[in-house]
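So you can see what is in the structure, the chains are spelled out below.
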Amino acid sequence: MKICLWNKNGVMVDSFALAFVRVVTMFLSIICIKILSVEFSLQDYGTYSQAILIVTTITSFSILGLTDATNYYFNQYKADDRNSYISTIFCIQYVVGSLCGIGIIVFQDILESYFGNEQLYSFFLWIALMPLCANLLAMLQVLYISIGRIRVIVIRNLIISILRLCIFVCACYVTHDVKTIIILTLICDIGQVLYFKMGISRSGLKIDIKNVNRKYIKPILKYSLPMASYVILNALMRDIDKLMIGNMTDTEQLALYTNASRVLPFDLLTVSLATVLLPHITQNIANRKFKVVQKIYGDYLNLGILTTLILVSGTIIFAKEAMLFLYDVKYLDALNIFIIYLFVDLLRIANVSLILSASGNTKRLMYISICAFTANVILNYLLFLCLGIVGPAIATVMVTLATNLYLMYVSSMIIHESLFKLLNYKSIILVIGEIIILGIFFKWINCVLEVKLVSSSVRLILCYSSLIVFVFLSNRSVIVAYLKRINSLKSQTL
């Protein structure tokens, strides 16, 4: 039977829609960070980074694994039980998120003392509500995806990315105050939460305090708390470097490290796919259809490896030009850290925790994350003492590699097939060979253009684009085959 890549009901349509908006969002985000990096000093940018770091850290703690619980219980139950479970999950988040907001206000002196930056005082009142809003938005988006309203998420993401650009422009050229970004972002987040809640109600899912059932709290937390440990520690794995750098160095050093270690959206397609495929994988594991899961996840994993490998490798080859394009010349002191984190992006080729989460195996995720986080903290400190601020970046690469390999091993046992056997080694080796050969050629072209005083931005666009286009075209038949098979799945409906 012929499989149509553009089947309007297939998951690839939704995935490509999400990926397209992620591309637009990526470019708008690059513009936002670029103007912020150029228009504000390292001190101001460092202060903004500290405020955002507090928000992301508290957000990770306060989510309590409830995003995964929302997906799990929505896809496990029907009608009244579903409404009751989801209402109870949201009620838990209201309480926890509010307490965390109060905690930020109460302990603002301790937070200021940790970073040693008095400018943070004016931010605390505004960032107090941001973790609750961020968590509610994440949970509501999971529900929208589960009921098949992914296009609403696509439109929302596009509008918000445009609004975000307007907010950054306002802060940089009108108010000349980074606090403007925090205030206006909070207002946008509150508006989004209200809009999504109204949309969910119209879809027949009632999130209401009247539907809260206290007897469901224990099973929900039994599932979500181990997952929360994984989410918290996984998020801290991303931020612990910056938290330690922020404490052991000054605000300007943190500004350099923050931009150099920024997660770049090379996984724009795989993240979109994982978002759409999660309900399918959850339901098939619950029904013990392991052959189906192997097929779905195998295609997803190989597609993620090929696309991410091409995009990230090109950026590693032209790292200096990429950093000048993304940020500013004053951030080149952190070029080595930027390159190291590109390898971290390369290692995050696919959501290897997806199988454990979908199977409800959250306790094992918790234990894995505890070990990984502990190892990262120890290595961060030891390598910082030996190598300076580049040390924590190297530690992150080592721990990420070890964790992903072990997660793949554990996931293999759950789906009764080794994930390593699902890999298309021939295609992967072929892509690596093409990248090396073409990379050498286009690197030479880049050097020639640099001697002729061609700007770094022009060189990056010309050489990087040419490299990835050639490699993608050379492997288009393999990539399209994966896309077609994934698109044979039907989108979820309520």
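Reading guide: rules and limits
Residues numbered from 1 in each chain as written. Predicted model: local features only at pLDDT ≥ 70, side-chain atom pairs only at ≥ 80, totals over all residues. Heavy atoms only, no water. Patch = residues over 30% accessible without salt bridge, like charges linked within 9 Å, V, L, I, M, F, W, Y side chains within 5 Å. Areas by Shrake-Rupley, 256 points an atom, 1.4 Å probe, with all protein chains shown as cover. Salt bridge = Lys/Arg side-chain N within 4 Å of Asp/Glu carboxyl O. Helix = DSSP H or I, 4+ residues; strand = E, 2+ residues; numbered from the N terminus. Expected span 1.5 Å × (residues − 1). Core = buried A, V, L, I, M, F, W, Y, C linked by side-chain atoms within 4.5 Å. Buried < 20%, exposed > 50% of the residue type's maximum accessible area, 1.4 Å probe, protein only. Contact = heavy atoms within 4.5 Å. Axes fitted to C-alpha atoms, helices over the stretch in contact; angles between N-to-C directions. Parallel < 35°, antiparallel > 145°, perpendicular 65-115°, else oblique. Left-handed = near helix turned anticlockwise from the far one by under 90°. Nonpolar A, V, L, I, M, F, W, Y, C, P; charged D, E, K, R; others polar.

Draft legend 1. Spatial organisation of a nonpolar patch on the surface. Together, Val95, Leu99, Ile102, Val106, Phe107 and Ile110 make up a nonpolar patch on the protein surface, roughly 610 Å² of accessible area in all. With four residues, helix H4 (residues 79-106) is the single largest residue contributor to the nonpolar patch. Tracing the backbone through its elements, the reader meets Phe107 in the loop between H4 and helix H5 (108-115).

Draft legend 2. Expanded view of the pattern of salt bridges. Applying the stated rule across the entire model yields one salt bridge. In this structure, Arg459 engages Glu321 in a salt bridge whose closest nitrogen and oxygen atoms are separated by 3.1 Å. Separated by 138 residues along the polypeptide, Arg459 in helix H20 (residues 456-474) and Glu321 in helix H14 (residues 319-326) bring together distant segments of the chain.

Draft legend 3. Region of the structure containing helix H2 (residues 42-62). For H2, with 21 residues, the first-to-last C-alpha span of 30 Å sits near the 30 Å given by 1.5 Å per residue. Of the residues flanking the end of H2, it is Leu64, one or two places downstream, whose phi is positive at about 55 degrees.

Draft legend 4. Expanded view of the nonpolar core. In this structure, Leu36, Ile127, Ile281, Tyr327, Ile337, Phe338 and Ile355 are the most contacted members of the largest nonpolar core, which totals 107 residues. The dominant element in this core, judged by the number of residues it contributes, is helix H13 (residues 290-317), at 12 residues. The contact partners of Ile337, leaving out residues within four places of it in the chain, are Tyr257, Ala260, Ile389, Val390 and Ala393. One finds Ile63, Ala69, Leu137 and Leu140 within the second-largest nonpolar core, a separate group that totals 32 residues.

Draft legend 5. Looking closely at the packing of H2 against helix H7 (residues 130-146). Packing of H2 against H7 leaves a shortest axis separation of 9 Å and a crossing angle of 55 degrees. As the angle between them shows, H2 and H7 are arranged oblique. With respect to the hand of their crossing, H2 and H7 are arranged in right-handed fashion. On the side of H2, the interface is formed by Val55, Ile58, Thr59 and Ser62, while H7 contributes Met130, Pro131, Ala134 and Asn135. Looking at the contact of H2 with H7 residue by residue, the class counts come to five nonpolar, three polar and no charged.

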